[in-house]
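Residues per chain, in single letters:
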Amino acid sequence: MKLNERSLAFYATCDSPADNSGFLYKRGERHTAYHRRWFVLKGNMLFYFEERDSREPVGVIVLEGCNVELCDSAENFAFAIRFGGSKSRTYVLAAESQAAMESWVKSLSRASFDYMRLVVRELEKQLQEMSQGLPGGCGGSQDAPGPWKPKPSGLEQSQERLPALPAVVPKENGCAVWNNVLGADRPPDTSSCGGHDEEGTPRPPPLPPRRRVMNGEAAVAESPSTFCRLHEQYSREVARLRQDWQQKRRGSQP
């Protein structure tokens, strides 16, 4: 395979996101000593640099046709990248911790196009099973799905149990009186402040206590004419004050 060095160097150092990166110890090909290198995994290419801030990579490993497996070595947390063939090189690397080693082995094992091809095949198989509706797949039965019907909400179900209310709610002194609508003859239940009765129907909120007439206070008649008389009284008072204000204003003008 022919590789362009400039293109590889640009791809290794560009701002494209890396699948994994970090320091690893790499064993030399001729000398068995380990050297600390900065590794960057992008796609199926594993670049390694002398330092983290190096402008160009020292080398690249194309992760195709290889296996990633743990190996015995003088260094702890070591693993190897083995290629098929008698003359192929085996890269021995070592991480700085157990978690780093597991992360690198997992990401390197999934970097090849062969692995991606297997994943795509499995997804296509699952999609085909779902579309055909096989019992082994996620599609369920082969019957055609029927028309979708919305389920009745909790409000609609509760409305079915409610009794029909009268068209005109009785009023007293201009306000609706709830105890005249549902169970007016029943004694008031002081055990709770609302909820439902024994038959499951919701009870109306309790009425506030009526104001008692204290000593020196005049009782107001509970009839619609009381509001009319008060309205006329205050209207005359407002009209008288407005007339006085207009007279004072005309008297102050030159």
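Let me begin by describing the structure that accompanies this report. (Residues numbered from 1 in each chain as written. Predicted model: local features only at pLDDT ≥ 70, side-chain atom pairs only at ≥ 80, totals over all residues. Heavy atoms only, no water.)

**With respect to the overall build of the chain**
Rule in force here: Helix and strand assignments follow DSSP, with helices taken as H or I runs no shorter than four residues and strands as E runs no shorter than two, numbered in order from the N terminus. Each residue gets one of three labels from its accessible area relative to the maximum for its type: buried under 20%, exposed over 50%, partly exposed in between, using a 1.4 Å probe on protein chains only. Contacts were defined at the residue level, with two residues in contact if any of their heavy atoms lie within 4.5 Å. All accessible-area figures derive from a Shrake-Rupley calculation using a 1.4 Å probe, and residue coverage is judged against the displayed protein chains alone.
Counting secondary structure elements, the chain contains 5 helices and 9 strands. For the chain, the succession of helices and strands along the chain, N to C, is α-β-β-β-β-β-β-β-α-α-α-β-β-α. With 254 residues in all, the chain has 19% of them scored as buried. Counting only contacts in the chain whose residues sit at least 6 apart along the sequence, the fraction spanning at least 24 positions is 36%. Summing over all exposed atoms, the chain offers an accessible surface of approximately 20600 Å²; the carbon and sulfur share of this is 52%.

**Looking at the nonpolar core**
To keep it simple, the criterion reads: Throughout this description, the term nonpolar core refers to a set of buried Ala, Val, Leu, Ile, Met, Phe, Trp, Tyr and Cys residues connected via side-chain atoms within 4.5 Å.
Counting residues in each nonpolar core, the largest one holds 19 residues, and the members touching the most others are Leu46, Leu63, Phe79, Ile81, Trp104 and Leu108. When contributions to this core are tallied by element, the ones reaching two or more residues are strand E2 (34–42), strand E3 (45–49), strand E5 (66–70), strand E6 (78–83), strand E7 (90–94) and helix H2 (98–109). Residues in contact with Ile81, not counting those within four places in the same chain, are Leu46, Leu63, Cys66, Asn67, Val68, Arg89, Thr90, Tyr91, Leu93 and Leu108.

**Examining the sheet that holds strand E4 (residues 59–62)**
Note the following rule: Any two strands with at least two DSSP-identified bridges between them are counted as paired. Between N-to-C directions, angles span 0 to 180 degrees; the directions come from axes that are lines fitted to C-alpha atoms, helices contributing only their stretch in contact.
Strand order in the open sheet made by the 7 strands is E4-E3-E2-E1-E7-E6-E5, with antiparallel pairing throughout. This sheet does not close on itself; its edge strands, each paired only once, are E4 and E5. Between one strand and the next, the sheet's axes are offset by a mean angle of 35°, whatever the strand orientation. Running at roughly 85° to E3, helix H1 (residues 5–13) makes contact with E2, E3 and E4 of the sheet.

**What to know about the packing of aromatic side chains**
Where we set the bar: We call Phe, Tyr and Trp rings a pair once their centres come within 6.5 Å, taking the six-membered ring for Trp, and we label the pair stacked below 30 degrees between planes, edge-to-face above 60, and tilted otherwise. Placement of a positive charge over a ring is assigned whenever Lys NZ or Arg CZ falls within 6 Å of the ring centre and within 35 degrees of the normal to the ring plane.
Evaluated as defined, the whole model comprises 4 aromatic pairs. Centroid distance Tyr11 to Phe47: 6.0 Å. Interplanar angle 65°. Geometry classified as edge-to-face. Taken as a pair, Tyr11 in helix H1 and Phe47 in strand E3 lie far apart in primary sequence, 36 residues in all. The class of Phe47 is buried, set by a relative accessible area of 0%. A cation over an aromatic ring shows up here: Arg36 above the ring of Phe23, its NZ or CZ 3.8 Å from the ring centre. Sitting over the ring of Tyr11, Lys42 keeps its end group 5.4 Å from the ring centre.

**Quick word on the pattern of salt bridges**
What counts is decided by this rule: We define a salt bridge as a contact between a side-chain nitrogen of Lys or Arg and a carboxyl oxygen of Asp or Glu at a distance within 4 Å.
This model, assessed by the stated rule, comprises 6 salt bridges. Note that Arg82 and Glu69 form a salt bridge whose closest N and O atoms lie 2.3 Å from each other. With Arg82 in strand E6 and Glu69 in strand E5, the pair connects residues that are 13 residues apart, well separated along the chain. For Glu69, a relative accessible area of 33% corresponds to the partly exposed category. Where Arg240 meets Glu237, a salt bridge forms, and the shortest distance between an N and an O atom there is 2.5 Å. Separated by 3 residues within a single helix, Arg240 and Glu237 lie in helix H5 (residues 224–252), roughly one turn from each other. Given a relative accessible area of 40%, Arg240 falls into the partly exposed group. Judged by relative accessible area, Glu237 falls into the partly exposed class, the value being 35%.

**Notes on a nonpolar patch on the surface**
Selection rule: Exposure above 30% relative accessible area and the absence of a salt bridge qualify a residue for a patch, where like charges join within 9 Å and nonpolar side chains (Val, Leu, Ile, Met, Phe, Trp, Tyr) within 5 Å.
Together, Phe113, Tyr115, Met116, Val119 and Leu123 make up an exposed nonpolar region whose accessible area comes to about 460 Å². For Val119, a relative accessible area of 31% gives the class partly exposed.

**Some remarks on the side chain of Ser112**
Structurally, Ser112 is set in the loop between H2 and helix H3 (113–132). When neighbours within four sequence positions are excluded, Ser112 is seen to be in contact with Asn44, Leu63 and Glu64.

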